Amino acid sequence: MLNTIYERKSVRKYTDQKIDAETIEKILKAGMSGPTAVNARPWCFIVLNEQEMLEKSADANGRAAQCLKQAKLGILICGDLQRAFSRAPEYWVVDCAIAGQNMVLAAQSLGLGSVWLGTWPQMDKVERQRELFNLPETIVPHSLIAFGYPDDEVSANKEKNIWEEDRVHYNKW
Ligand SMILES: Cc1cc2nc3c(=O)[nH]c(=O)nc-3n(C[C@H](O)[C@H](O)[C@H](O)COP(=O)(O)O)c2cc1C
């Protein structure tokens with residue numbers, strides 16, 4: 001588990017290898033396995049595995065999401081406001097982020113690469129995704145994640161510096 005977490009890095013180039021249905025389901029199940037405030041589970045997932053929709057969704061998210069066009073799978077995580085915790089509905093944002101991170105780590109452990117493509121709170125991106133998928137007002141696009149088998153020399157060789165001691169405070173600021 002720790003290796004999966006430490007070794008994950010964003011992958012933006014993928015091979016042509018398809019991702020089978022069973023693997024997609026494992027990734028989705030990981031997303032659904034995260035903690036959510038009061039167990040509200042206020043998310044839903046739009047799975048993109050058709051080239052046309054990968055391209056349209058990439059364009060809806062803009063320039064920084066163009067790698068999705070080459071990916072074999074995209075998952076658009078959406079918040080479902082009707083399921084959100086009524087006393088603190090904004091927890092939906094946290095819950096969706098946790099689902100996303102679980103999926104990214106599941107992908108890593110299955111030998112897939114992925115990259116998070118931020119959507120919410122950039123409302124131009126949110127609105128373009130909403131329009132593309134004809135979403136009701138209560139369904140809010142949160143994040144798009146691109147997945148594929150890695151073919152990315154740059155990421156593969158990237159050294160990660162994950163330890164930043166000055167970010168840590170013990171018992172006082
Ligand atoms: C909220 C969020 C939004 C991001 N949006 C993008 C994006 O639009 N395009 C992209 O290529 N990478 C995006 N990333 C990936 C980051 O650039 C990447 O995680 C960061 O540079 C650290 O690199 P690593 O993931 O390889 O550790 C995003 C990551 C997060 C968490």
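Scroll up to find the structure this text is about.
Residues numbered from 1 in each chain as written. Predicted model: local features only at pLDDT ≥ 70, side-chain atom pairs only at ≥ 80, totals over all residues.

## What about the sheet that holds strand 4 (residues 139-148)?
Argument step 1. Spatial strand order, 1-2-4-3: four strands in an open sheet with antiparallel pairing. Looking at the sheet topology across the chains shown, the edges are occupied by strand 1 (43-48) and strand 3 (113-118). Ignoring which end each strand starts from, the neighbouring axes of this sheet average 25 degrees apart.
Argument step 2. Looking at chain direction, strand 1 and strand 2 (residues 73-80) are connected through six bridges and run antiparallel. Looking at strand 2, one finds that Leu48 is bridged to Gly74. (Pairing = 2+ DSSP bridges. Helix = DSSP H or I, 4+ residues; strand = E, 2+ residues; numbered from the N terminus. Axes fitted to C-alpha atoms, helices over the stretch in contact; angles between N-to-C directions.)

## Quick notes on helix 3 (residues 51-61)
Argument step 1. What helix 3 keeps buried is the set Ser57, Ala58, Ala60 and Asn61. Across the axial projection of helix 3, the buried residues extend over an arc of 160 degrees, all falling on one side. Turned more than 90 degrees off the buried face of helix 3, the exposed positions are Gln51 and Glu52.
Argument step 2. Buried residues along helix 3 sit in contact with strand 1, strand 2, strand 3, helix 5 (123-132) and strand 4.
Argument step 3. One or two residues past the end of helix 3 sits Gly62, with phi positive at roughly 95 degrees. (Buried ≥ 20, exposed ≤ 12 C-beta atoms within 10 Å, placed from the backbone. Arc of directions from axis to C-beta. Contact = placed C-beta atoms within 7 Å.)

## As for the pairing of strand 4
Argument step 1. In terms of burial, strand 4 is largely enclosed, as nine of its ten residues are buried.
Argument step 2. Sheet topology places strand 2 next to strand 4; eight bridges connect them, and they run antiparallel. By the bridge assignment, Gly79 is partnered in strand 4 with Val140.
Argument step 3. One ladder, built from six bridges, connects strand 3 with strand 4; its direction is antiparallel. Residue pairing across strands places Gly113 opposite Gly148, the latter belonging to strand 4.

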